[in-house]
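Examination of the molecular architecture
Read off the chains here:
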Amino acid sequence: LSRSRPLLARYDVSPHLVKWWKSIEKDNGQITRHLSPYEQQAVMPWIRSFPKRTYDKFMGSFLYWGGAGAITFGVAAASNAADAAQDFEHRF
């Protein structure tokens, strides 16, 4: 216990990281620089580029989604027409 007592002297660092952080000087909570949340503008660049990125992604994948939708719609229409023709043939 006498050997581990110095490790417990630092309360701001986990015991397994004491050796790593032993040479770091504390600043006693003094903040020297900070960024205001209003100066960072984390969302504005995304909002400004959103329409162009959406258009580019849509035009880049429209051939695949549009082709798949057209094929699905065509198969559904052909199936309905074939079913209606069969129902008409066997109506009596």
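Below you will find a few notes about this structure. Within any chain, residue numbers begin from 1 and follow the written order of that chain's sequence. Thresholds applied to this predicted model are a pLDDT of at least 70 for local features of residues and 80 or more for the giving and counting of side-chain atom pairs; totals over whole chains, interfaces and linings are not thresholded and use all residues. With hydrogens and water set aside, each side-chain value is computed from the structure's full complement of heavy atoms.

1. Here's the deal with the overall build of the protein
Broken down by element type, the protein carries 3 helices and 0 strands. Written out in order from the N terminus, the α and β elements of the protein read α-α-α. Only protein chains enter the area calculation, which uses a 1.4 Å probe; residues under 20% of their type maximum are buried, those over 50% are exposed, and those in between are partly exposed. Classification of the 92 residues of the protein by burial places 3% in the buried group. With residues, only the protein chains shown are counted as cover, and all accessible areas are computed by Shrake-Rupley using a 1.4 Å probe. Split by element, the accessible area of the protein, about 9,400 Å² in all, is 64% carbon and sulfur. Starting at the N terminus, helices and strands are each numbered in turn, a helix being any DSSP run of H or I of at least four residues and a strand any DSSP run of E of at least two.

2. Regarding a nonpolar patch on the surface
A residue counts toward a patch only above 30% relative accessible area and without a salt bridge, and it is joined to like-charged neighbours within 9 Å or, for Val, Leu, Ile, Met, Phe, Trp and Tyr, to nonpolar neighbours within 5 Å. Salt-bridge detection follows one rule: a side-chain nitrogen of Lys or Arg within 4 Å of a carboxyl oxygen of Asp or Glu. A cluster of nonpolar side chains, V43, M44, W46, I47 and F50, forms an exposed patch at the surface whose accessible area comes to about 470 Å². Tracing the sequence through the fold places I47 in helix 3 (residues 44–89).

3. Some words on the pattern of salt bridges
Applying the stated criterion across every chain yields a total of 1 salt bridge. One salt bridge in this structure joins K52 and D56, with 2.9 Å as the shortest N-O distance. Here D56 and K52 lie together in helix 3, a separation of 4 residues that amounts to about one turn.

4. Thoughts on the packing of aromatic side chains
Ring pairs shown here join Phe, Tyr and Trp side chains whose ring centres sit within 6.5 Å, with only the six-membered ring taken for Trp; geometry is labelled stacked below 30 degrees between planes, edge-to-face above 60, and tilted in between. With the rule as written, the count across this model stands at 2 aromatic pairs. For the ring pair W46 and F50, a centre distance of 5.1 Å and an interplane angle of 45° mean the geometry is tilted. Of the two residues, W46 and F50 are both situated in helix 3; the distance of 4 residues between them amounts to about one turn of the helix. A relative accessible area of 45% places W46 in the partly exposed class. Judged by centre distance (5.3 Å) and plane angle (45°), the rings of F58 and F62 are tilted.

5. A few points about helix 3
Compared with an ideal rise of 1.5 Å per residue, which puts 46 residues at 68 Å, helix 3 spans 63 Å between its outermost C-alpha atoms and is within 8% of the ideal. The sharpest bend along helix 3 measures roughly 55° and falls at F62. An expected span of 1.5 Å times one less than the residue number is assigned to each helix. One axis is fitted to the seven residues ending at the residue and one to the seven starting there. The bend at that residue is the angle between these axes.

6. Details of the environment of D56
Judged by its relative accessible area of 40%, D56 falls in the partly exposed class. The term polar contact refers here to a pair of N or O atoms within 3.5 Å; inside protein, the definition further demands a hydrogen-donor-capable atom paired with an acceptor-capable atom, and it admits residues adjacent in sequence only when both atoms are side-chain atoms. Separated by 2.9 Å, the side chains of D56 and K52 make a polar contact.

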